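# Commentary on secondary and tertiary structure
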Amino acid sequence: NEEDKVAYKLGVGYELTGHYEKAICSYSKACKGPDDNIARLNRGLLYLQMEKFEEAITDLAFVIEAARQCGSAVDGETLTGLALALSRVDRLVDAEEVLEGAIELDDWWEARFLLNEIRSTLAKSSVRGPRQSKRKQKNLFIKNKEKRNSHDNMK
């Protein structure tokens, strides 16, 4: 749809000029179409930059799950962004799992650095008990499904 394309381009322009709230609004308008993953990815990364971590988690998890459902590759940068947002809301075990997947797919130095930081924090934490069996990453995306739906309805 032409309106979605215009909204996306406006979002990029606003983001490049530092008008982040306007960029978020434009990306949100562009997220109404079936091929909204690029706008949603940009919005998620912008939320991460703005330290709106829950919103970043919702968007980035959506993009990752959509790519997996289509059989598309997920890049290490997107997975690392999701893990960073998860770590900032103290979901360290989830972040650790995402980073392990990111390193398997795309050996990013940022992912290794963040993974070491998270493991160090977890090792010092008395909250973490013995390591449980590894959950499937898709459970992480299911947790965010309700948030994603309620977020999109607010547009």
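Up top is the structure these notes are about.
The rules behind the values
Residues numbered from 1 in each chain as written. Predicted model: local features only at pLDDT ≥ 70, side-chain atom pairs only at ≥ 80, totals over all residues. Heavy atoms only, no water. Helix = DSSP H or I, 4+ residues; strand = E, 2+ residues; numbered from the N terminus. Buried < 20%, exposed > 50% of the residue type's maximum accessible area, 1.4 Å probe, protein only. Contact = heavy atoms within 4.5 Å. Core = buried A, V, L, I, M, F, W, Y, C linked by side-chain atoms within 4.5 Å. Salt bridge = Lys/Arg side-chain N within 4 Å of Asp/Glu carboxyl O. Phe/Tyr/Trp six-rings, centres within 6.5 Å; stacked < 30°, edge-to-face > 60°. Lys NZ or Arg CZ within 6 Å of the ring centre and 35° of its normal.

Assigned secondary structure in the protein consists of eight helices and zero strands. In the protein, which comprises 155 residues, the share counted as buried stands at 43%. Restricting to contacts in the protein with at least 6 residues of sequence separation, those with at least 24 account for 53%.

Side chains of nonpolar character tend, in soluble globular proteins, to be buried together. Ranked by internal contacts, the top residues of the largest apolar core, which has 36 residues, are Leu 82, Leu 99 and Ile 118. Going through the elements one at a time, α2 (20–30), α3 (37–49), α4 (53–70), α5 (76–88), α6 (92–105) and α7 (109–124) are the ones with two or more residues in this core. Aside from chain neighbours lying at most four places away, what touches Ile 118 is Ser 87, Leu 92, Ala 95, Glu 96 and Leu 99.

Below, the discussion takes up the pattern of salt bridges. Under the defined criterion, the tally for this structure stands at eight salt bridges. For Asp 36, the salt bridge is made with Arg 40, and the minimal N-O distance between the two is 2.8 Å. The same class applies to Asp 36 as to Arg 40, namely buried. Connected through salt bridges with shared partners, the residues Asp 36, Arg 40, Arg 43 and Asp 59 form a single ionic network.

This part covers the environment of Ala 67. Checked against the element boundaries, Ala 67 lands in helix α4. Sequence separation between Ala 67 and Asn 37 is 30 residues, and the spatial gap between their C-alpha atoms is 8.6 Å. If we ignore the near neighbours within four places in the chain, the residues touching Ala 67 are Ser 72, Ala 73 and Val 74.

Moving on to the packing of aromatic side chains. Across all of its chains, the model carries one aromatic pair by this definition. Taking the ring centre of Phe 62 as reference, the NZ or CZ of Arg 40 above it sits at 4.0 Å.

So, on to unusual backbone geometry. Although it is not a glycine, Glu 51 sits at a positive phi angle of roughly 65°. Note on placement: Glu 51 falls in the loop between α3 and α4. Taking relative accessible area as the criterion, Glu 51 reaches 60% and is therefore assigned exposed. With a phi close to 60°, Asp 90 is a non-glycine residue in the positive phi region. Within the secondary structure, Asp 90 sits in the loop between α5 and α6.

What follows concerns the environment of Glu 2. Take Glu 2: it is sitting in helix α1 (residues 2–16). We classify Glu 2 as exposed; its relative accessible area is 56%. Sequence-wise, Glu 2 and Ala 30 are 28 residues apart; in three dimensions their C-alpha atoms are separated by 9.7 Å.

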